[in-house]
Amino acid sequence: MSKTILLTGGAGYIGSHTYVELKSAGYDVVIIDNFSNARPDVIDRLAQITDAPVTWHKGDVLDKAFLAKVFAQHAVDAVIHFAAKKAVGESVEKPLDYFETNCTGFSNILMAMQAAGVFNVVFSSTATVYGEPLSLPYTEDHRIAPVSPYAQSKVTCETLLRQLKDSDPRWNYGVLRYFNPAGAHDSALIGEDPNDIPNNLMPYIAKVATGELPHLNVFGDDYDTPDGTGVRDYIHVVDLARGHVQSVGKLLDDQDTHILNLGTGTGYSVFDMLRSYEKACGTTLPFKIGPRRAGDIDCFYADPASARDYLGFEATRGLDEMCQSSWNWVSRVRNS
Ligand SMILES: NC(=O)c1ccc[n+]([C@@H]2O[C@H](COP(=O)([O-])OP(=O)(O)OC[C@H]3O[C@@H](n4cnc5c(N)ncnc54)[C@H](O)[C@@H]3O)[C@@H](O)[C@H]2O)c1
């Protein structure tokens, strides 16, 4: 019998792509989402991609009664927890909101799981837990030094998982520390679609390509990198989604616990991405060089070896596929 996975935040960017990959791996999936940062039509689009109805509930992870009802209604085998706030800058302005949604929301999920006898959970963490690099690439045993309330909220959740497992060995967890997710599904039916000015580079470039923003601001071209602009590890969102399928499979098959980076190990610069996006959309894109931003660093990339050795996970899609799939998605949204 197929296993049932509950996806919190399953209507969001990474959650929706993970839904598709879980379905194609044969899992039953239940989505919960409050749609605070998701397109209302994403459920229809998921049904279209997977050619099957979607099981979903609108509700908040802060609502304990709602969570209890969902767990009573479905025989859940494991949870993948995406529901969270994710903007580093906003977290500095609103640390309480970030603590409430990210930490209290997660502890509510864990309590609902415990009450329902569900002990397998995959948690969306972030490479920002590492803070300033002491050495590169980041390995999972790099020291943890969060510099924002957002990153701190993820460290708090990781710590809670460790304490929970220490208190009760029935818990199995996968902590996945993502680098920079980018790109969209091949169908161009789902992707990243921020309402505000995007915080991340690719959605920002996408809005320059669609004409919604006048130019890309490049913050510093005098870094110690081949072209002077900052280098980051971008991972295609479909590869990232596959990583979740492998992680939850390992929990369910082996009663396993793991903490893994999900990145490619390859760094791309701001200009690498700009050129690749220009290729995808077939036009040159305006940019302006500005001063460095406080706190930015030259390079930031993963050592992906543990995820490969442990889960057999390997990212297969490169920068051109990320940019082309993003462009296919945003140009379709703009024209629909
Ligand atoms: N995108 C990134 O760059 C990145 C990098 C590292 C880690 N992450 C983590 O991955 C996870 C998913 O990120 P994403 O990029 O898909 O973000 P997203 O905002 O697209 O998805 C999050 C989803 O959770 C929902 N949600 C938010 N608060 C909720 C609440 N209180 N109750 C129920 N649903 C709620 C939103 O409506 C949204 O659909 C987050 O935990 C994020 O911190 C993201």
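Predicted model only: the values in this text are computed from it and were never measured.

(A) Expanded view of helix α3 (residues 64–73). Taken as a whole, α3 has its buried residues at Phe66, Leu67, Val70 and Phe71. All buried residues of α3 fall inside an arc of 130° around its axis, so they share one side. Summarising the geometry of α3, the exposed residues directed more than 90 degrees from the buried face are Ala65, Lys69, Ala72 and Gln73. The inward-facing, buried residues of α3 abut β1 (4–8), β2 (28–33), β3 (55–58), β4 (78–81) and α5 (95–116). At the N-terminal boundary of α3, the capping side chain belongs to aspartate 63, with an oxygen 3.2 Å from the backbone nitrogen of alanine 65.

(B) Molecular detail of the state of the cysteines. The tally for this structure, following the rule as stated, stands at zero disulfides. With no disulfide partner, cysteine 103 has as its closest neighbouring cysteine sulfur the one in cysteine 157, 4.4 Å distant. When its relative accessible area of 7% is taken as the criterion, cysteine 103 is described as buried. Of all cysteine sulfurs in the structure, the one in cysteine 323 sits closest to cysteine 299, which takes part in no disulfide; the separation is 18 Å.

(C) Region of the structure containing the site of the ligand. Taken together, 28 residues are adjacent to the ligand, and Ile14, Asp33, Asn37, Lys86 and Tyr150 come closest. Within the backbone of tyrosine 13, one N or O atom sits 2.8 Å away from an oxygen atom of the ligand. In the model, an oxygen atom of the ligand is placed 2.8 Å from a nitrogen or oxygen of the lysine 154 side chain. For the ligand, whose unbound accessible area comes to 820 Å², protein coverage reaches 95%. Where the shell around the ligand is concerned, the elements lending two or more residues are α1 (13–24), β5 (120–126) and α6 (149–167). Considering each element in turn, the shell around the ligand owes the most residues, three residues, to β5. Looking at the shell around the ligand residue by residue, the classes come out as 13 nonpolar, 11 polar and four charged.

Criteria and thresholds
- Residues numbered from 1 in each chain as written.
- Predicted model: local features only at pLDDT ≥ 70, side-chain atom pairs only at ≥ 80, totals over all residues.
- Heavy atoms only, no water.
- Buried < 20%, exposed > 50% of the residue type's maximum accessible area, 1.4 Å probe, protein only.
- Helix = DSSP H or I, 4+ residues; strand = E, 2+ residues; numbered from the N terminus.
- Arc of directions from axis to C-beta.
- Contact = heavy atoms within 4.5 Å.
- Polar contact = N/O pair within 3.5 Å; in protein donor to acceptor, adjacent residues only side chain to side chain.
- Disulfide = S-S within 2.5 Å.
- Near = heavy atom within 4 Å.
- Areas by Shrake-Rupley, 256 points an atom, 1.4 Å probe, with all protein chains shown as cover.
- Nonpolar A, V, L, I, M, F, W, Y, C, P; charged D, E, K, R; others polar.

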